[in-house]
Amino acid sequence: GNSVTQMEGPVTLSEEAFLTINCTYTATGYPSLFWYVQYPGEGLQLLLKATKADDKGSNKGFEATYRKETTSFHLEKGSVQVSDSAVYFCALTQRGAGGTSYGKLTFGQGTILTVHP
Amino acid sequence: NAGVTQTPKFRILKIGQSMTLQCTQDMNHNYMYWYRQDPGMGLKLIYYSVGAGITDKGEVPNGYNVSRSTTEDFPLRLELAAPSQTSVYFCASSDPQRRGEAFFGQGTRLTVV
């Protein structure tokens with residue numbers, strides 16, 4: 001079956017530091033990959049996505065590249081802000097023939113990021 | 001724009017009680033989902049629906065039931081609450097043309113004592 005593994009957290013950084021959160025996956029076929037973010041007390045929001053190998057997703061200064069050869073989708077940001085403090089989830093959905101995945105998401109365990117001023 | 005709305009936000013149940021978690025969306029999405037989030041475990045899919053009248057089990061369906069009588073609503077029913085169902089529950093919806101791009105509600109924090 002499908003699975004997603006994220007780096008262990010929590011991650012604590014100072015403002016303007018460089019961020020990397022590692023994510024690797026196991027899936028059959030060619031999944032689409034996502035990063036979701038959960039701010040305190042809220043539901044999850046889509047941060048970025050990539051649908052095929054070598055695609056780079058980007059949003060709000062965050063980036064992640066779909067690496068099929070290493071089955072990875074690491075999240076990076078060059079300079080974090082206090083407002084980036086949240087829980088980050090890596091996820092995938094299968095792009096089955098005929099759309100049979102129905103958009104069901106498989107999530108990693110989440111990584112808590114805390115950014116200090 | 002309301003998006004996905006869940007009620008209640010918090011609830012404490014006694015073992016053996018039942019309750020329904022409500023979820024409604026106003027984006028006319030055909031696909032809807034229920035996930036549960038346990039600490040350090042990510043989200044697990046409970047049930048999903050691809051349209052009114054069509055539901056199917058996800059990864060962890062035991063102890064839950066769902067129905068989908070309209071496109072907008074997708075309630076989750078707990079019949080006999082157990083401590084193992086203490087969790088945060090999220091409802092989500094998505095457009096079939098944009099699979100995986102889900103919109104989530106704010107969640108229901110349920111404690112079973």
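Shown above is the structure to which this text applies.
Note that the structure is predicted; figures quoted are calculated from it, not measured.

Trainee: Account for the state of the cysteines, naming residues and giving values.
Mentor: Applying the stated criterion across every chain, the model contains two disulfides over all chains. There is a disulfide in this structure between Cys23 of chain A and Cys90 of chain A, and the S-S distance comes to 2.0 Å. Looking along the S-S bond of the Cys23 of chain A-Cys90 of chain A disulfide, the torsion reads about -70°, which is the left-handed sense. Taken together, the residues Cys23 of chain A in strand 4 (residues 23–26) and Cys90 of chain A in strand 10 (residues 86–93) connect sequence positions 67 residues apart. Both residues of the pair, Cys23 of chain A and Cys90 of chain A, count as buried. At a sulfur-sulfur separation of 1.9 Å, the disulfide partner of Cys23 of chain B is Cys91 of chain B. Here Cys23 of chain B and Cys91 of chain B share a disulfide; its torsion about the S-S bond, -70°, makes the bridge left-handed. On the criterion of sequence distance, the pair formed by Cys23 of chain B in strand 3 (residues 19–25) and Cys91 of chain B in strand 9 (residues 87–94) is long-range, its members being 68 residues apart.

Trainee: Please provide a residue-by-residue account of the pairing of strand 2 (residues 11–14) of chain A, values included.
Mentor: Residues and elements named next belong to chain A. Across the two faces of strand 2 the burial differs, with Val11 and Leu13 buried and Thr12 and Ser14 not buried at all. Relative to strand 12 (residues 111–116), strand 2 runs parallel, the two sharing four bridges. Its bridge partner being in strand 12, Leu13 is matched across the sheet by Val115.

Trainee: Tell me what's going on with the environment of Gly3 of chain B, and back it up with residues and numbers.
Mentor: Residues and elements named next belong to chain B. Considering the arrangement of structural elements, one finds Gly3 in the segment before strand 1 (4–7). A relative accessible area of 15% means that Gly3 is categorised as buried. Note: C-alpha distance between Gly3 and Leu43 (40 residues apart in sequence) is 20 Å.

Trainee: Provide a residue-level description of the pattern of salt bridges, including the pertinent values.
Mentor: Pairing is possible between side chains that carry opposite charge, provided their charged atoms lie close to one another. Scanning the entire structure with this criterion turns up eight salt bridges over all chains. Here Asp84 of chain A ties to Lys77 of chain A by a salt bridge, and the two come within 2.7 Å at their closest N and O atoms. Each of the two residues, Asp84 of chain A as well as Lys77 of chain A, counts as buried. As a salt-bridge pair, Glu101 of chain B and Arg98 of chain B come within 3.1 Å of each other at their nearest N and O atoms. Residue Arg98 of chain B is classed as partly exposed on the basis of its relative accessible area, which comes to 45%. Members of the salt-bridge network, linked through shared partners, are Lys49 of chain A together with Arg98 and Glu101 of chain B.

Trainee: Go over unusual backbone geometry with me, naming the residues and quoting the values.
Mentor: A cis amide bond, omega -5°, links Thr7 of chain B with the succeeding residue Pro8 of chain B. A positive phi angle is found at Glu16 of chain A, which is not glycine, with a value near 75°. Residue class for Glu16 of chain A comes out exposed when judged on its relative accessible area of 61%.

Trainee: Help me get a handle on the layout of surface pockets, residues and values and all.
Mentor: If you add up the space inside the largest pocket, you get close to 710 Å³. Gln38 and Val87 of chain A together with Gln37, Val88 and Arg109 of chain B are, among the 34 residues lining the largest pocket, the residues nearest its centre. Put simply, the parts of the chain that give the lining of the largest pocket at least two residues each are strand 10 and strand 12 of chain A together with strand 9 and strand 11 (108–112) of chain B. Taken together, the residues of the lining of the largest pocket sort by class into 14 nonpolar, 15 polar and five charged. Taken together, 16 residues make up the lining of the second largest pocket; nearest its centre are Asn2, Leu105, Thr106 and Phe107 of chain A together with Glu59 of chain B.

Trainee: Before we move on, can you summarise the sheet that holds strand 7 (residues 56–59) of chain A with the specific residues and values?
Mentor: Consider a sheet: its strands pair through backbone hydrogen bonds, and that pairing is either parallel or antiparallel. All names here are of chain A. Spatial ordering of the open sheet is given by 3-9-8-7, a layout of four strands whose pairing is antiparallel. A single partner strand is all that each edge strand has here, and the edge strands are strand 3 (19–21) and strand 7. Ignoring strand direction, the axes of neighbouring strands in this sheet form an average angle of 15°. Across three bridges, strand 3 lies against strand 9 (residues 75–77) in antiparallel orientation. When the bridges of strand 9 are listed, Leu19 appears paired with Lys77.

Rules behind the numbers
Residues numbered from 1 in each chain as written. Chains lettered and ligands numbered in written order. Predicted model: local features only at pLDDT ≥ 70, side-chain atom pairs only at ≥ 80, totals over all residues. Heavy atoms only, no water. Disulfide = S-S within 2.5 Å. Helix = DSSP H or I, 4+ residues; strand = E, 2+ residues; numbered from the N terminus. Buried < 20%, exposed > 50% of the residue type's maximum accessible area, 1.4 Å probe, protein only. Pairing = 2+ DSSP bridges. Salt bridge = Lys/Arg side-chain N within 4 Å of Asp/Glu carboxyl O. 1 Å grid on protein atoms, 1.4 Å probe; cavity = no way out; pocket = protein on both sides within 12 Å on 5 of 7 lines; lining within 4 Å. Points joined across faces, edges and corners; volume = space filled by probe spheres on them. Nonpolar A, V, L, I, M, F, W, Y, C, P; charged D, E, K, R; others polar. Axes fitted to C-alpha atoms, helices over the stretch in contact; angles between N-to-C directions.

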